[in-house]
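# Close look at the chain arrangement
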Amino acid sequence: MNIEISEVANLPSKFGDFKVKAFKEGQKEHLVIYSDNLAEVPTVRVHSECLTGDAIGSLKCDCRDQLEYALKLASSSDGMVIYLRQEGRNIGLLNKINAYALQDKGLNTIEANHQLGFRTDERTYEIVTYILHHFGVKKIKLLTNNPDKINSISDIEIVERVPIIMDSNKYNIDYLNVKKDEMGHLL
Ligand SMILES: Nc1nc2c(ncn2[C@@H]2O[C@H](COP(=O)(O)OP(=O)(O)OP(=O)(O)O)[C@@H](O)[C@H]2O)c(=O)[nH]1
Ligand SMILES: [Zn+2]
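Conventions used here
- Residues numbered from 1 in each chain as written.
- Chains lettered and ligands numbered in written order.
- Predicted model: local features only at pLDDT ≥ 70, side-chain atom pairs only at ≥ 80, totals over all residues.
- Helix = DSSP H or I, 4+ residues; strand = E, 2+ residues; numbered from the N terminus.
- Rg over C-alpha atoms; globule rule 2.2 N^0.38 Å.
- Buried ≥ 20, exposed ≤ 12 C-beta atoms within 10 Å, placed from the backbone.
- Contact = placed C-beta atoms within 7 Å.
- UniProt positions renumbered as here; feature names shortened; annotations may be inferred.
- Expected span 1.5 Å × (residues − 1).
- Arc of directions from axis to C-beta.
- Near = placed C-beta within 6 Å.
- Nonpolar A, V, L, I, M, F, W, Y, C, P; charged D, E, K, R; others polar.
- Pairing = 2+ DSSP bridges.
- pLDDT = per-residue confidence, 0-100.
- Core = buried A, V, L, I, M, F, W, Y, C linked by C-beta atoms within 7 Å.

## A few points about the overall build of the chain
A tally of regular secondary structure across the chain gives eight helices and eight strands. Relative to the 2.2 N^0.38 estimate, which gives 16 Å for 187 residues, the radius of gyration of the chain is 16 Å and therefore close to what a compact globule would have. Counting every position in the chain, which comprises 187 residues, the buried fraction comes to 29%. Sequence separation of at least 24 residues holds for 59% of the intrachain contacts in the chain that already meet a minimum separation of 6.

## Some thoughts on the UniProt feature "domain: GTP cyclohydrolase II" (unreviewed entry) in the chain
The feature "domain: GTP cyclohydrolase II" (unreviewed entry), as annotated in UniProt, sits at residues 8-163 in this numbering. Secondary structure across residues 8-163 comprises 37% helix and 28% strand; the distance between its end C-alpha atoms is 29 Å.

## Comments concerning helix 2 (residues 63-77)
In this model, helix 2 (15 residues) spans 20 Å end to end at C-alpha, consistent with the 21 Å of a helix rising 1.5 Å per residue. Of the positions making up helix 2, those classed as buried are Cys63, Gln66, Leu67, Ala70, Leu71, Leu73 and Ala74. Down the axis of helix 2, the buried set is contained in an arc of 165 degrees. They therefore lie on one face.

## Side note on the site of ligand 1
Residues in contact with ligand 1 amount to 22 residues; listed here are only the nearest, Ser48, Cys50, Thr144, Asn145 and Asn146. Contributing elements (two or more residues each) for the shell around ligand 1: helix 2, helix 3 (87-90), helix 4 (93-104) and helix 5 (109-115). Tallying contributions element by element places helix 3 first for the shell around ligand 1, with three residues. A breakdown of the residues in the shell around ligand 1 according to their chemical character gives six nonpolar, ten polar and six charged.

## A few points about the pairing of strand 2 (residues 9-13)
The element strand 2 is barely covered by neighbouring structure, given that only zero of its five residues are classed as buried. Of the pairings in the sheet, the one linking strand 2 to strand 3 (residues 16-25) comprises five bridges and is antiparallel in character. Pairing of Pro12 across the sheet is with Asp17, part of strand 3. Adjacent in sequence and paired antiparallel, strand 2 and strand 3 are bridged by two residues.

## Quick notes on the UniProt feature "binding site: GTP" (unreviewed entry) in the chain
When the UniProt feature table is mapped to this numbering, "binding site: GTP" (unreviewed entry) covers Arg45, Val46, His47, Ser48, Glu49, Gln66, Glu87, Gly88, Arg89, Thr109, Thr144 and Lys149. The largest pairwise C-alpha distance within this set of annotated residues, which runs over 105 residues, is 22.7 Å, so the set is dispersed in three dimensions. Secondary-structure assignment places Arg89 in helix 3. Along the chain, the position of Thr144 falls in the loop between strand 7 (139-143) and helix 7 (147-152). Note on Thr144: 22 C-beta atoms within 10 Å, which makes it buried. If we ignore the near neighbours within four places in the chain, the residues touching Thr144 are Val46, Lys149, Ile150, Arg161 and Ile164.

## A look at the confidence of the model for the chain
In the predicted model, the chain carries a mean pLDDT of 96, and 100% of its residues have values of at least 70. On the interface metric, ipTM, the complex scores 0.97, and its pTM is 0.97.

## Observations regarding the nonpolar core
In this structure, Ile33, Ala70, Ala74, Met80, Val81 and Ile82 are the most contacted members of the largest nonpolar core, which totals 29 residues. If you list the elements that add at least two residues to this core, you get strand 3, strand 4 (28-34), strand 5 (43-48), helix 2, strand 6 (80-84), helix 6 (126-134) and strand 7. No other element matches helix 2, which puts six residues into this core. Apart from residues no more than four positions distant in its own chain, Ile33 is found in contact with Leu11, Phe18, Val20, Leu71, Ala74, Met80, Val81 and Tyr83.

Next up, the structure:
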């Protein structure tokens with residue numbers, strides 16, 4: 001893995017005062033947001049980029065609420081948010097919007113990915129192990145509902161899974177039900 005790593009910078013935010021460090025992996029630039037006083041077994045959120053949710057406030061998913069929750073928790077518990085540039089479960093923004101267009105026609109989130117020639121989830125998590133080793137972290141509490149993330153993060157001891165369940169709305173309820181019923185999410 002050829003990874004370029006930035007210097008550490010301060011990032012005061014609405015959710016707390018953080019340190020940040022960027023990790024450049026090929027074309028993808030990930031951001032790690034963490035407490036200056038990182039806990040020995042930190043609570044870690046591995047967040048997958050969702051431009052429509054994180055930046056625009058889309059109600060079709062729960063990403064922004066999860067991101068805000070994770071940042072507040074990272075601040076209060078001396079934890080970390082690893083913001084991975086895996087837009088659309090790693091199919092990219094343009095393909096995700098095409099998947100949304102198919103969902104407007106009645107397909108669910110899984111069927112739309114398959115129709116476009118992608119697997120249900122195209123994400124991998126090797127970079128998470130790399131980043132945590134870089135910070136000398138060997139054990140974490142992982143903030144997730146996604147068993148795939150728990151199983152895919154290798155060489156790191158996940159001592160606890162911490163749920164991150166947000167309120168649903170009429171736009172994301174079908175999506176959340178597919179995650180629970182067909183993708184095995186612990187919702
Ligand atoms: N391809 C595709 N990606 C989506 C869709 N809706 C959200 N995403 C992407 O899914 C990723 C977030 O995944 P989620 O399934 O919400 O959550 P998770 O990260 O798997 O699991 P948690 O850790 O429990 O939150 C982001 O990259 C979103 O851009 C969709 O309908 N199609
Ligand atoms: Zn989203």
